[in-house]
Amino acid sequence: RCAKTHFGGCHMSLSCSTVLTLVAGFARPTAPGTRPLLYVDPVDEDLTREAISRGVPLLPVWSAPSRRVPRSAQRVPDKALQQLGSIPVAPKNGEEVAWASSRLPAGTCLGGVLCGSEAGLSTAERMQAALVPERSNGVCPARRDKLLMNRALAGHGLLTAATASPSDWPAAEAFIRSLRGNRVVLKPRRGTGGCGVALACDEAHARRAFEALQAPFSPDDEVAAAPLLQEYLAGEEWVVDTASRDGEHKAVALWRYSKGPANGAPFVYRYDELMPAAGETEARLVEYALGALEAVGWRWGPCHIELKQTSRGPALVEVNAGRCNGVSFASLTGPCIGYTQYDAAFASLADDDTAWRALPPLPPPSLRSSARLVKLVATRAGRLRRGRGSDA
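The structure reproduced in this document is the subject of the present report. Source: prediction; values computed, not measured.

## Quick notes on the environment of Asp 168
Within the secondary structure, Asp 168 is located in the loop between β4 (163-164) and α8 (169-178). Distance from Asp 168 to Gln 214, taken between C-alpha atoms, is 9.6 Å for residues 46 residues apart in sequence. A polar atom in the side chain of Asp 168 sits 3.0 Å from the backbone nitrogen of Ala 171.

## Concerning the packing of aromatic side chains
Applying the stated rule across the entire model yields four aromatic pairs. Summarising the aromatic geometry, the rings of Tyr 257 and Tyr 269 are spaced 5.2 Å apart at their centres and angled 75° between planes, so their arrangement reads as edge-to-face. Taken together, the residues span a long stretch of sequence, with Tyr 257 in strand β9 (residues 248-262) and Tyr 269 in strand β10 (residues 265-275) at a distance of 12 residues. Classification of Tyr 257 as buried rests on a relative accessible area of 8%. The ring of Tyr 232 is capped by Arg 183, whose NZ or CZ atom sits 4.3 Å from the centre of that ring.

## Topic: the pattern of salt bridges
In the structure shown here, the tally under the stated rule is 23 salt bridges. Among the ionic pairs, Asp 351 bridges to Arg 135, the shortest N-O distance being 3.0 Å. On the criterion of sequence distance, the pair formed by Asp 351 in the loop between α12 (341-349) and α13 (354-358) and Arg 135 in the loop between α6 (121-131) and α7 (146-155) is long-range, its members being 216 residues apart. Classification of Asp 351 by relative accessible area gives partly exposed; the value is 40%.

## Quick word on the sheet that holds strand β3 (residues 112-115)
Whenever strands of a sheet pair, they do so through backbone hydrogen bonds, lying parallel or antiparallel. The sheet built from three strands is open, its strands ordered β2-β1-β3 with parallel pairing. In this open sheet, the two edge strands, each paired with only one partner strand, are β2 (58-61) and β3. Adjacent strand axes in the sheet meet at a mean angle of 30° when their direction is disregarded. In the packing of α12 onto the sheet, contacts are made with β1 (37-40) and β3, and the angle to β3 comes to roughly 155°.

Rules behind the numbers
Residues numbered from 1 in each chain as written. Predicted model: local features only at pLDDT ≥ 70, side-chain atom pairs only at ≥ 80, totals over all residues. Heavy atoms only, no water. Helix = DSSP H or I, 4+ residues; strand = E, 2+ residues; numbered from the N terminus. Polar contact = N/O pair within 3.5 Å; in protein donor to acceptor, adjacent residues only side chain to side chain. Phe/Tyr/Trp six-rings, centres within 6.5 Å; stacked < 30°, edge-to-face > 60°. Buried < 20%, exposed > 50% of the residue type's maximum accessible area, 1.4 Å probe, protein only. Lys NZ or Arg CZ within 6 Å of the ring centre and 35° of its normal. Salt bridge = Lys/Arg side-chain N within 4 Å of Asp/Glu carboxyl O. Pairing = 2+ DSSP bridges. Axes fitted to C-alpha atoms, helices over the stretch in contact; angles between N-to-C directions. Contact = heavy atoms within 4.5 Å.

Read these as geometric descriptors, not functional statements.
Right, dumping it as structure tokens:
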């Protein structure tokens with residue numbers, strides 16, 4: 001449970017600046033009483049910079065799913081290879097302690113585990129359970145398998161969409177007909193970043209999407225590959241970003257999403273709007289999100305929870321347990337709220353709980369200023385050669 005990394009040759013999907021930042025993080029003196037954090041899939045450059053600013057060493061490791069990308073996409077510049085070397089790959093399930101003993105020499109005790117990707121969440125979870133047992137969240141597939149996730153929340157009395165994971169088309173067809181004309185959402189049970197999600201308005205479309213989602217099972221993915229079918233939930237989509245320390249949950253930011261169809265895809269992001277916790281709707285969303293954390297047994301670290309505000313109340317889209325919001329949120333939440341989810345995440349895993357106790361339990365009822373993170377959606381294919389006032 002005490003660790004420090006080795007470096008050698010490197011194949012990763014990091015920019016040169018990220019690689020050099022990680023190196024700088026190890027060179028910086030550690031703040032007194034600060035333990036390093038294992039960082040699974042170190043692709044979040046903002047998180048890396050936040051760690052360095054706090055004097056918190058990050059010990060990077062790749063999850064096996066993140067290493068299964070084309071080798072051409074893993075290359076970084078030779079200069080970075082020479083300075084960094086190799087980031088180790090996480091061990092197989094059950095081999096964490098032996099791996100740490102051989103790969104991570106004793107000398108510095110881990111304070112916890114952070115994760116930079118959805119694909120690495122199961123790896124991060126089991127690494128924390130094995131190597132930092134005093135801060136374990138246990139190992140719970142319901143935090144990643146959307147079928148089990150919906151069942152867990154329903155078992156705690158939270159509203160969820162009608163959901164099924166049929167193994168063949170006749171069973172899928174029967175479920176779709178049970179929705180009595182409602183549109184159906186089809187997605188992977190273990191999806192990442194909205195990939196493979198379809199919104200079907202008729203059975204022919206649903207069958208094409210169902211067949212497209214058939215995929216072989218891989219043990220590294222932890223979750224069966226059968227597609228997930230859900231009733232479409234009408235309403236605005238919201239996000240509650242949280243952090244937890246020994247089972248105490250704090251909601252640190254509230255976002256309202258704008259999504260819609262574009263370029264043949266059903267759910268394309270237009271913007272994320274930072275919202276105050278100002279009314280009954282917001283209060284119910286936060287209450288639901290914190291209940292979702294209890295339903296999946298979450299106790300330590302950050303979470304990103306996506307919800308729909310329906311006519312029946314808040315309902316689950318998904319829980320991303322173990323990682324921060326995947327967008328560049330800190331540049332908005334810092335000025336508008338006064339703190340960020342990074343602040344809460346590092347405070348949740350610090351030995352000293354002073355910073356954690358200073359964080360309010362809920363987002364503020366009013367913001368210092370308004371903010372939206374706007375996504376520019378191209379409507380024409382091609383190469384952008386020039387922007388207004390500058391070359392692309």
